[in-house]
Amino acid sequence: MSQPLKVAIAGLGTVGAGTVALLRRNAGQIEHHTGRKIEVVAVSARDRARSRTIDINGVPWHDDPVAMAGAPGIDVVVELIGGSDGVARQVVTTALERGRHVVTANKALLAHHGNEIAHLAESKKVSLGFEAAVAGGIPILKALREGLAANHVLRVCGILNGTCNYILSQMRETGRDFAAVLKEAQALGYAEADPSFDVDGIDAAHKLALLASVAFGSQVDFAGVYVEGIRHITALDIAFAQDLGYRIKLVGLARPTEHGLEQRVHPCMVPLSAPLAHVENVFNAVMVEGDFVGRLTLEGRGAGADPTASAVAADLLDIAAGRGAPGFGVPASSLKSRPSAPMARRSGAYYVRLMVVDRPGVIADITAAFRDEAVSMEQFLQRGRSPGEAVPVVLTTHDTVEASMVRALGRIGGLDTVVEPPCMIRVENL
Ligand SMILES: NC(=O)c1ccc[n+]([C@@H]2O[C@H](COP(=O)([O-])OP(=O)(O)OC[C@H]3O[C@@H](n4cnc5c(N)ncnc54)[C@H](OP(=O)(O)O)[C@@H]3O)[C@@H](O)[C@H]2O)c1
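J.: Can you help me understand the packing of aromatic side chains in this one?
T.: Scanning all chains against the criterion turns up 2 aromatic pairs. Ring geometry for phenylalanine 130 against phenylalanine 328: centres 4.6 Å apart, planes inclined by 45°, an arrangement best described as tilted. In this pair, phenylalanine 130 sits in the loop between strand 6 (128-129) and helix 6 (140-147) while phenylalanine 328 sits in the loop between helix 12 (305-320) and strand 13 (347-357), placing the two residues 198 residues apart along the sequence. Since its relative accessible area comes to 1%, phenylalanine 130 is described here as buried. A cation sits over an aromatic face here: arginine 346 above tyrosine 350, 4.7 Å from the ring centre.

This is how it looks when you write it as structure tokens:
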């Protein structure tokens with residue numbers, strides 16, 4: 001009979017408590033799959049007296065999670081505290097230095113320090129699992145590392161932040177503006193009191209940096225991710241998107257290009273024919289395009305106690321079964337350093353909404369700016385007329401280069417008949 005895998009869990013919040021609950025409830029299933037028990041032999045959190053959804057009586061408690069990570073009798077340390085530095089980082093490095101495997105859901109930590117942590121894990125010949133850090137319960141990293149490993153990945157993209165997807169879905173369904181829906185999302189617990197990590201795209205960018213690294217065998221390059229959030233999306237844009245056959249989604253997209261590795265997170269016009277257009281509310285999805293497999297999409301819950309625990313436990317099962325593949329798919333020393341593609345080189349179609357004073361000659365000025373930058377327009381919509389007042393004018397372009405769009409919109413934004421900064425949303429053929 002194999003020895004049980006002895007696990008210490010640092011952090012007993014949403015994910016930590018969910019992980020303990022899963023390991024208990026599905027103990028038989030886990031043992032059946034791995035031939036071993038997985039035992040929680042130590043736990044740590046900030047406040048021992050806090051009431052929790054799980055009973056931790058009888059599990060040795062550590063006030064100091066870093067000391068726990070270095071304590072004897074532990075095979076794996078599961079870090080579920082969070083944060084890119086501080087205690088979480090100390091827990092992970094202490095565990096690895098002592099030769100313990102590490103499993104973490106901490107995308108912020110790995111987006112900032114993933115290369116260094118992966119090197120440390122390999123030098124100590126232990127595993128680093130972080131399936132839960134990208135898209136919660138969706139097993140996308142394992143799919144990339146194993147099921148899709150024989151493909152060249154052409155691109156990977158996804159809806160990686162449930163809070164943003166919930167807000168955009170509700171804005172579309174109810175016609176309300178960003179601020180009202182954000183407030184409701186906060187009341188329902190779908191958005192934090194300080195929502196900036198989510199709505200400004202940073203959380204999705206952390207995940208995209210990890211996803212891109214695994215998909216393309218490149219070093220984690222969070223600094224190379226272009227990030228734009230959803231605060232500027234209006235109910236008007238969402239309604240126009242609908243009319244034009246699109247849904248607005250916050251998308252993270254990475255692909256190798258002739259100019260370097262493109263990594264970007266921003267709102268996109270996604271055609272209704274694309275699976276990602278139909279991923280609604282708090283759900284996440286990731287689409288991978290491989291040279292042999294073609295396109296495939298995985299959709300599921302990207303956060304929450306149970307789905308995230310499912311991903312944490314999957315990494316623990318691999319360790320229990322002795323399946324010790326490198327977390328990033330290839331050894332850390334083989335991860336390539338790639339230049340990041342400048343956003344100005346992005347090539348694709350665009351949606352633009354302008355608020356213009358309804359006056360003769362205005363449209364001619366706008367089309368002249370596009371013509372001078374060789375931007376070719378595909379559709380042009382003007383709803384209603386209100387002489388002398390500001391009205392929305394919406395257009396979409398054929399494929400063009402971002403630098404040309406930025407120059408054209410700079411000139412258009414300077415016209416005295418254009419009363420708001422132009423709203424530009426990239427169109428992606430997903
Ligand atoms: N929530 C999700 O759905 C989700 C999904 C994917 C990934 N993640 C990632 O999973 C990690 C944990 O997230 P979470 O939502 O579970 O967070 P959480 O509910 O806020 O829980 C954090 C836990 O860490 C403990 N903690 C905080 N500071 C500590 C310290 N200095 N020393 C010891 N323990 C400390 C807290 O202790 P107390 O309980 O005593 O306060 C709490 O148990 C984060 O990296 C997050 O990004 C979360």
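J.: Please explain unusual backbone geometry as it appears in this structure.
T.: Note on backbone geometry: most residues besides glycine have negative phi, and most peptide bonds are trans. A positive phi angle is found at alanine 135, which is not glycine, with a value near 60°. Within the secondary structure, alanine 135 sits in the loop between strand 6 and helix 6. Taking the relative accessible area as the measure of exposure, alanine 135 reaches 0% and is therefore buried. Of note, the phi angle at alanine 374 is positive, near 60°, even though the residue is not glycine. In this fold, alanine 374 is placed in the loop between helix 13 (362-372) and strand 14 (377-382). Given a relative accessible area of 66%, alanine 374 falls into the exposed group.

J.: Explain the pattern of salt bridges to me, please; I cannot follow it from the model alone.
T.: When the charged atoms of two side chains with opposite charge come close together, those side chains can pair. All chains considered together, the criterion is met by 26 salt bridges. Glutamate 289 is the salt-bridge partner of arginine 155, the closest N and O atoms lying 2.8 Å from each other. One end of the pair, arginine 155, is in strand 7 (residues 153-159); the other, glutamate 289, is in strand 11 (residues 283-290), and 134 residues separate them in sequence. Owing to a relative accessible area of 8%, arginine 155 belongs among the buried residues under this scheme. Overall, glutamate 289 belongs to the buried group, its relative accessible area being 18%. Of the charged contacts in the structure, one is a salt bridge between glutamate 420 and arginine 353, with a shortest N-O distance of 3.7 Å. Placement of glutamate 420 in the loop between helix 14 (402-413) and strand 17 (423-427) and of arginine 353 in strand 13 is noted, with a sequence separation of 67 residues between them. On the basis of relative accessible area, arginine 353 is assigned to the buried category, the value being 5%.

J.: Would you mind going over empty space enclosed by the protein with me for this structure?
T.: Where empty space is left can be seen by rolling a probe of water-molecule size over the atoms. One pass over the full model with this rule turns up 3 cavities of 30 Å³ or more. Roughly 100 Å³ of internal volume is contained in the largest cavity. Taken together, Ser127, Leu128, Gly129, Arg145, Asp315, Asp318, Ile319, Arg323, Gly324, Ala325 and Gly327 make up the full set of residues lining the largest cavity. Ranked by residue count, the leading element in the lining of the largest cavity is helix 12, at 3 residues. As a volume, the second largest cavity reaches approximately 60 Å³. Looking at the second largest cavity, the residues that line it are Leu168, Ser169, Arg172, Ile238, Ala241, Gln242, Tyr246, Arg247, Ile248, Lys249 and Glu280. The biggest single contributor to the lining of the second largest cavity is strand 9 (residues 246-257), with 4 residues. Class assignment for the residues of the lining of the second largest cavity results in 5 nonpolar, 2 polar and 4 charged.

Scoring rules and cut-offs
- Residues numbered from 1 in each chain as written.
- Predicted model: local features only at pLDDT ≥ 70, side-chain atom pairs only at ≥ 80, totals over all residues.
- Heavy atoms only, no water.
- Phe/Tyr/Trp six-rings, centres within 6.5 Å; stacked < 30°, edge-to-face > 60°.
- Helix = DSSP H or I, 4+ residues; strand = E, 2+ residues; numbered from the N terminus.
- Buried < 20%, exposed > 50% of the residue type's maximum accessible area, 1.4 Å probe, protein only.
- Lys NZ or Arg CZ within 6 Å of the ring centre and 35° of its normal.
- Salt bridge = Lys/Arg side-chain N within 4 Å of Asp/Glu carboxyl O.
- 1 Å grid on protein atoms, 1.4 Å probe; cavity = no way out; pocket = protein on both sides within 12 Å on 5 of 7 lines; lining within 4 Å.
- Points joined across faces, edges and corners; volume = space filled by probe spheres on them.
- Nonpolar A, V, L, I, M, F, W, Y, C, P; charged D, E, K, R; others polar.

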